[in-house]
Amino acid sequence: QVQLAESGGGLVQAGASLRLSCAASGRTFSRYVMGWFRQAPGKGREFVAAISLSGGSTYYADSVEGRFTISRDNAKNTVALQMNSLKPEDTGVYYCAARWQLLSTTASEYNYWGQGTQVTVSS
């Protein structure tokens, strides 16, 4: 069982930066692939980024490649999403998710989810 709690969302102007954090409970955090997804109003949940067990491999949606960076600290049971050069289309609720061992970009394949944190980017 893994419990996830996101923080760090907010309202910013286009071009600004935000850093989202996700704190995980449990003793097996290092055995979970971690991902970030987002959901805009009226739309489905969209893959943003994922990171492998050790943090050695990262994957990004084309829309955020080069602007967002995902990282993890297995000693602290945390995963972060650094978001730079934010755009209005980045607006949405951002969710942290955990999947047992295997990396995936598909939301339905993740086992545990946080409650989400709102990110709003104004133009």
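So, how was this worked out
Residues numbered from 1 in each chain as written. Predicted model: local features only at pLDDT ≥ 70, side-chain atom pairs only at ≥ 80, totals over all residues. Heavy atoms only, no water. Buried < 20%, exposed > 50% of the residue type's maximum accessible area, 1.4 Å probe, protein only. Helix = DSSP H or I, 4+ residues; strand = E, 2+ residues; numbered from the N terminus. Pairing = 2+ DSSP bridges. Contact = heavy atoms within 4.5 Å. Axes fitted to C-alpha atoms, helices over the stretch in contact; angles between N-to-C directions. Salt bridge = Lys/Arg side-chain N within 4 Å of Asp/Glu carboxyl O. Polar contact = N/O pair within 3.5 Å; in protein donor to acceptor, adjacent residues only side chain to side chain.

A.B. asks: What exactly am I supposed to notice about the pairing of strand S9 (residues 92–100) here?
C.D. replies: The side chains of a regular strand alternate, first on one face of the sheet and then on the other. Where burial is concerned, most of S9 is hidden: seven out of the nine residues are buried. Relative to S9, strand S4 (residues 32–39) runs antiparallel, the two being bridged by eight bridges. The residue of S9 that forms the bridge with Arg-38 is Tyr-94. Across three bridges, the pairing between S9 and strand S11 (residues 117–122) is antiparallel. From the neighbouring strand, Gly-92 faces S11, where its bridge partner is Val-119.

A.B. asks: Please clarify how the environment of Gly-92 should be interpreted in this entry.
C.D. replies: Mapped onto the fold, Gly-92 is located in strand S9. For Gly-92, a relative accessible area of 0% puts it in the buried group. The spacing of Gly-92 and Glu-46 is 46 residues in sequence and 9.9 Å in space, taken between C-alpha atoms. Sequence-distant contacts of Gly-92, that is, excluding residues within four places in its chain, are made with Gln-39, Ala-40, Thr-117, Gln-118 and Val-119.

A.B. asks: Explain the sheet that holds strand S7 (residues 68–73) here, please?
C.D. replies: Backbone hydrogen bonds hold the strands of a sheet together, and the pairing may be parallel or antiparallel. In space, the four strands of this open sheet follow the order S1-S3-S8-S7, with antiparallel pairing throughout. With partners counted over all chains shown, the strands left at the sheet margins are strand S1 (4–7) and S7, one partner each. Sheet twist, expressed as the mean angle between neighbouring strand axes with direction ignored, is 15°. Relative to strand S8 (residues 78–83), S7 is paired through six bridges, and the arrangement is antiparallel. The partner of Thr-69 across the bridge, within S8, is Gln-82.

A.B. asks: Explain the pattern of salt bridges here, please?
C.D. replies: Note on pairing: side chains with opposite charge can pair once their charged atoms come close. Taken as a whole, this structure holds four salt bridges when the rule is applied. With a shortest N-O distance of 2.8 Å, Glu-46 and Arg-38 are connected by a salt bridge. Taking the shortest distance from any N to any O, the salt bridge between Asp-90 and Arg-38 comes out at 2.9 Å. Linking Asp-90 in the loop between S8 and S9 with Arg-38 in strand S4, this pair joins segments that are 52 residues apart in sequence. Through salt bridges that share partners, Arg-38, Glu-46, Arg-67 and Asp-90 make up one connected network.

A.B. asks: Would you mind going over the environment of Ala-75 with me for this structure?
C.D. replies: Secondary-structure assignment places Ala-75 in the loop between S7 and S8. Classification of Ala-75 as exposed rests on a relative accessible area of 75%. Each C-alpha atom, one on Ala-75 and one on Ala-98, is 16 Å from the other, the two residues being 23 residues apart in sequence.

A.B. asks: Looking at this structure, how should I read the side chain of Ser-52?
C.D. replies: With respect to the helices, strands and loops of the structure, Ser-52 is situated in the loop between strand S5 (45–51) and strand S6 (58–60). Take Ser-52: its relative accessible area is 15%, and that puts it in the buried class. A polar atom in the side chain of Ser-52 sits 3.3 Å from the backbone nitrogen of Gly-56. Excluding residues that lie within four positions of it along the chain, Ser-52 makes contacts with Ser-57, Arg-72 and Leu-103.

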